[in-house]
Amino acid sequence: MSSDQSAWYLVQCKPRQESRAQENLENQSINSFFPIISLEKIVRGKRKQIEEAMFPGYLFVELLETGEYWSKIRSTRGVRDFVRFGGVPAKISQQLLEQLKVIDHDFVTKVVDSTPKEGDRVRVTAGPFKDLEGIFKMPDGEQRSIVLLNMLGKLTVLEVSNDEFEKI
């Protein structure tokens, strides 16, 4: 679409149906944008790289200002309604949308996994065991991890806060 007569608008989606709404909008030849971010979360005790919506429950759509396709949007599966202020659909500036696209493309796809894997060498950076090197064993919940330290010729299990050690 991308013409001088088109503008970007914010659409609210039904809960967890952003992808469905985007797919249905694309099937109707309506340009949409759904920014995602890549996060590191602990799922069932293990760290995983997952992708989530940057704005859960919302999509950006490009429409003609003449009003074409407006009723189509509201009847699209997965879409609830336009976000409105004073009864007028919220327009999104082209500049803001371009910035979001840069973030979505450049930063999200280049997330480096800095979490150590089992067997990686680590160094304790704080506490009584500062500057001692060990071997990463496994995460222990969201905030702590288990590290094996070689102390007096014997491997010792140590629970350390995730911000108190670094990968070597």
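The protein chain goes by Transcription antitermination protein RfaH in an unreviewed UniProt entry, where it is assigned to Kangiella spongicola. Under Function (unreviewed entry), UniProt gives the following word-for-word description of the protein chain: "Enhances distal genes transcription elongation in a specialized subset of operons that encode extracytoplasmic components." The UniProt entry for the protein chain carries this comment under Subunit (unreviewed entry): "Interacts with both the nontemplate DNA and the RNA polymerase (RNAP)."

In this section: the overall build of the protein chain. If you tally the helices and strands in the protein chain, you get three helices and 14 strands. A burial count over the protein chain gives 34% of its 168 residues as buried. A separation of at least 24 residues holds for 57% of the contacts in the protein chain among residues at least 6 apart in sequence. Here the protein chain has roughly 10,900 Å² of accessible surface; of this, 50% comes from carbon and sulfur atoms.

Let us look at the pairing of strand 5 (residues 58-64). Of all seven residues making up strand 5, six are buried, and the element is well covered by its neighbours. Of the strand pairs in this sheet, strand 1 (residues 6-13) and strand 5 are connected by seven bridges, and their pairing is antiparallel. Across the sheet, W8 pairs through a bridge with E62, a residue of strand 5. Pairing between strand 2 (residues 32-33) and strand 5: two bridges, direction antiparallel. Bridging from a neighbouring strand, F33 pairs with F60 of strand 5.

Mapped onto the elements, Q22 comes out in helix 1 (residues 18-27). Leave out the neighbours within four places in its chain, and Q22 touches S32, F33, F34 and L59.

Note that T76 resides in the loop between helix 2 (70-74) and strand 6 (79-82). In this structure the side chain of T76 is engaged in a polar contact, spanning 2.9 Å, whose partner is the side chain of Q28. If sequence neighbours within four positions are ignored, T76 has contacts with A21, N24, L25 and Q28.

Enumeration over the complete set of coordinates arrives at six aromatic pairs. Ring-pair connections join several aromatic residues into one group, and the members of that group are Y9, W70 and F82. The residue whose ring lies beneath K101 is F33, and the NZ or CZ to ring-centre distance is 5.6 Å.

Positive phi is not limited to glycine here, since S29 has a value of about 65 degrees. Note on placement: S29 falls in the loop between helix 1 and strand 2. A positive phi angle is found at D131, which is not glycine, with a value near 70 degrees.

We now examine a nonpolar patch on the surface. Residues L132, M151 and L152 make up a contiguous nonpolar surface patch of roughly 320 Å² in combined accessible area. Within the secondary structure, L132 is located in the loop between strand 10 (121-124) and strand 11 (133-140).

Conventions used here
- Residues numbered from 1 in each chain as written.
- Predicted model: local features only at pLDDT ≥ 70, side-chain atom pairs only at ≥ 80, totals over all residues.
- Heavy atoms only, no water.
- UniProt positions renumbered as here; feature names shortened; annotations may be inferred.
- Helix = DSSP H or I, 4+ residues; strand = E, 2+ residues; numbered from the N terminus.
- Buried < 20%, exposed > 50% of the residue type's maximum accessible area, 1.4 Å probe, protein only.
- Contact = heavy atoms within 4.5 Å.
- Areas by Shrake-Rupley, 256 points an atom, 1.4 Å probe, with all protein chains shown as cover.
- Pairing = 2+ DSSP bridges.
- Polar contact = N/O pair within 3.5 Å; in protein donor to acceptor, adjacent residues only side chain to side chain.
- Phe/Tyr/Trp six-rings, centres within 6.5 Å; stacked < 30°, edge-to-face > 60°.
- Lys NZ or Arg CZ within 6 Å of the ring centre and 35° of its normal.
- Patch = residues over 30% accessible without salt bridge, like charges linked within 9 Å, V, L, I, M, F, W, Y side chains within 5 Å.
- Salt bridge = Lys/Arg side-chain N within 4 Å of Asp/Glu carboxyl O.

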